[in-house]
Structures are given as C-alpha cells and as structure tokens.
Amino acid sequence: MRFPDWTREPLVHFLLAGFVLFVALTWASGGNVDPASRIITVDADRKVQVALQFERTMGRAPTDAELDAAIERFVRDEVLYREALRLGLDQGDAVVRRRLVTKMDLSASAAAEAAEPDEAALRSFFDANTARYAATSAVSFDQVFFADESAARAALAGLDTRSDWKQAGESISLPASVDGLARQELVTRFGAQFAGDLEGLKAGEAWQGPLRSGFGWHLVRLRERGGGEAKAFEDVREQVANDWRAAEIAARKERAFEVLREGYRVEIAE
C-alpha cells in the first residue's frame, strides 16, 4: 500500500508523536475526569504546572499571592469544566472546537519552546528587527479585555464602528488606554507574550487581535509606536533569544498546518 507523500514529512511524524504524548499526559494528569466527582485535588505536581503556565505567559515566576490566585482560577475552571461535562455542553460546542485547534497548534510548536538558537541566527534576527530594540521604544494603544478568546474574536468585527468601545469588553484593573508605555513596563503589566505579539501589529486606527496576556485576551488599537537608537546586540541578547523563539514557534505552527493541509481536499459550495 502506498501512502501519500505528505505522510513521509518529518513534521507530520512530529505532530503525531506530539498528539500521542498529549493524550498520554492528559490521561495521566486527570484528563479522564469523572464529572460526577466532587473532589478536586491540587497536589504538588499540579501546583508546579500552574506556576509554569504563569511563567510562560508573564515571563517571570509568580509571587506567592499570584500563585494562590492562579490556583484559585484553576479550581474555578475545573468546577465549571466538570459541570459542563455533566450537562453535555462539550458536544458540538464552538469553544471546545477552538480549544482542540489550539492544542494541535501547541503540539506543533512544543519543540521550539526549548530550542536554543546559535549566535548567527540571533544576530540575523536582531538585524532584521532593530526597531524592536530601540532604546526609547514605547507604545500608545487602547485595549478591550475579554476572559474568553472566542468572545474577543466575536467582538472584533464590529469594534471599529463603536464609539463606546470601552463598554465592549469586560472589567479589568488594566487601563483602557496607555500612552508612551516603555517595553519593560509593558512586559511587567501585560506579560511577555502580549508585548511580543504587540510588536507584530501595525499602528493605525483599526482594532486588532486578540492578543493574550496573563489575564486573558485583548483587542488592541495600536495608536503609535515610538522609536530611538537601537541598543547593542550584547545588551539585549536574552530578549532577542526570547523573541526569536516566539517567532520560531509561530513559523512552526504555520509550517505544520501547511503540511497537514496538503492531505485535505476542500470543496466550497458556490
């Protein structure tokens, strides 16, 4: 039997291995949860997982208070998750569909998270993105917050025409508008992932996103990006490495999708 050419791609093998690993880890960590169970166990391993998720999102380890809050969010999510399973809300649900898509994306980018680029790759990335490392780089933008990604995507379509855009999202302690916010302060307030994703947006009047922070999802209107003299590579090498890794993760996701996409025929009715 002859298999299609795309099945011999190394990236497909990686995706399949990642999927198998994900299933195994999900099973081992309680993915086969009994919706009828009224016991939620937050053991040492679960605390480590919660702390690592916070660190990946915010770019730093949580304080004790932040870890307690993150664990409380996990417990809340677990309660609602079990109740949703009990009511059968996972069947044919668009949010569940989106989360499964997101997990497939994560399986494609997992190897990139631990990748260590060589010096030549980092310098090449630095040279191609000098504006990102400007000494006085600052941004001015408006943001609307949503706890759920699907709600943010649904609100994006009509946000450009709304004069009451501040009422479009959910309440959060972060300001709706910031002016001249330096990158380090941006990372401190919104997290490293948000700051990195914001770098990829063009300034203008259009709303864009959603972008993820340690709090949830944001629609952003980037009004202005300030510039300045680029810092020396040696001064920002760690930041360059983190940014390179984020770009590599995005590129691997796209390459993985392209390989898998070749195995499908799409028929669109006229």
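My aim in this report is to walk through the structure given alongside it, one point at a time. For every chain, the first residue of the written sequence is number 1, and numbering continues from 1 along that sequence. Only residues with pLDDT of at least 70 get local features here, since the model is predicted, and only at 80 or more are side-chain atom pairs given and counted; chain-wide, interface and lining totals rely on the full set of residues. Side-chain numbers come from the whole structure's heavy atoms, not from hydrogens or water.

1. A closer look at unusual backbone geometry
In step 1: Residue Gly 209 is joined to Pro 210 through a cis peptide bond whose omega torsion reads 5 degrees.
In step 2: Counting through the fold element by element, Pro 210 comes out in strand S3 (residues 208-212). Secondary structure elements are taken from DSSP: a helix is a run of H or I of four residues or more, a strand is a run of E of two residues or more, and numbering for both begins at the N terminus.

2. A few points about the sheet that holds strand S2 (residues 177-182)
In step 1: Paired strands, as defined in this entry, are two strands with at least two bridges between them according to DSSP. Spatial ordering of the open sheet is given by S2-S1-S4-S3, a layout of 4 strands whose pairing is antiparallel. Where the open sheet ends on each side, the last strands, each with one partner, are S2 and S3. Sheet twist, expressed as the mean angle between neighbouring strand axes with direction ignored, is 40 degrees.
In step 2: In this structure, S3 lies alongside strand S4 (residues 217-225), joined through 3 bridges in antiparallel fashion. Across the sheet, the residue bridging to Gln 208 is Val 220, located in S4.
In step 3: Along the sheet, helix H7 (residues 183-190) contacts strand S1 (138-146), S2 and S4; its crossing angle with S2, the most-contacted strand, is approximately 125 degrees. Here, axes are lines fitted to C-alpha atoms. For helices the fit covers the stretch in contact, and angles between N-to-C directions go from 0 to 180 degrees. The contact criterion used is simple: two residues touch if any of their non-hydrogen atoms lie within 4.5 Å.

3. Comments concerning the packing of aromatic side chains
In step 1: Only centres within 6.5 Å qualify two rings of Phe, Tyr or Trp (six-membered ring in Trp) as a pair; their planes then separate them into stacked at under 30 degrees, edge-to-face at over 60, and tilted for everything else. This structure, assessed with the given rule, holds 5 aromatic pairs.
In step 2: Taken together, a centroid distance of 5.1 Å and an interplanar angle of 50 degrees make the contact between Trp 165 and Trp 207 tilted. Highlighted residues: Trp 165 in the loop between helix H6 (149-159) and S2 and Trp 207 in the loop between helix H8 (192-199) and S3, separated in sequence by 42 residues.
In step 3: A centroid spacing of 4.6 Å and a plane angle of 20 degrees characterise the contact between Phe 190 and Phe 194, whose relative ring orientation is stacked.
In step 4: In this scheme, a residue with accessible area under 20% of its type's maximum is buried, one over 50% is exposed, and one in between is partly exposed, where area comes from a 1.4 Å probe on protein chains only. What makes Phe 194 buried here is its relative accessible area of 0%.

4. Considerations on a negative patch on the surface
In step 1: For patch detection, residues must exceed 30% relative accessible area and be free of salt bridges, and they are connected within 9 Å for like charges or within 5 Å for nonpolar side chains (Val, Leu, Ile, Met, Phe, Trp, Tyr). Methods summary: accessible areas were calculated by the Shrake-Rupley approach with a probe of 1.4 Å, and residue burial reflects only the protein chains presented. Only one rule defines a salt bridge in this text: a Lys or Arg side-chain nitrogen within 4 Å of an Asp or Glu carboxyl oxygen. Residues scored as charged are limited to Lys and Arg (positive) and Asp and Glu (negative), so that His and the chain ends carry no count. Note on charges: their place is set at NZ of Lys, CZ of Arg, CG of Asp or CD of Glu. A cluster of acidic side chains, namely Asp 105, Glu 254, Glu 258 and Glu 262, defines a negative patch on the protein surface.
In step 2: Structurally, the position occupied by Glu 254 is in helix H9 (residues 237-261).

5. Some thoughts on the side chain of Asp 243
In step 1: In this structure, Asp 243 sits in helix H9.
In step 2: Every residue in contact with Asp 243, bar those within four places of it in the chain, is listed here: Phe 125, Arg 132, Tyr 133 and Arg 183.

6. Focus: the nonpolar core
In step 1: Here, nonpolar core means buried Ala, Val, Leu, Ile, Met, Phe, Trp, Tyr and Cys residues that are tied together by side-chain atoms lying within 4.5 Å of each other. If you look at the biggest cluster of nonpolar residues, it comprises 15 residues, and the most contacted ones within it are Val 139, Phe 141, Leu 186, Phe 190, Phe 194, Leu 198 and Val 220.
In step 2: Secondary structure elements with two or more residues in this core: S1, S2, H7, H8 and S4.
In step 3: Each residue touching Phe 190, except ones within four places of it in the same chain, is listed here: Met 58, Phe 141, Gln 143, Leu 174, Leu 181, Ser 213, Gly 214 and His 218.

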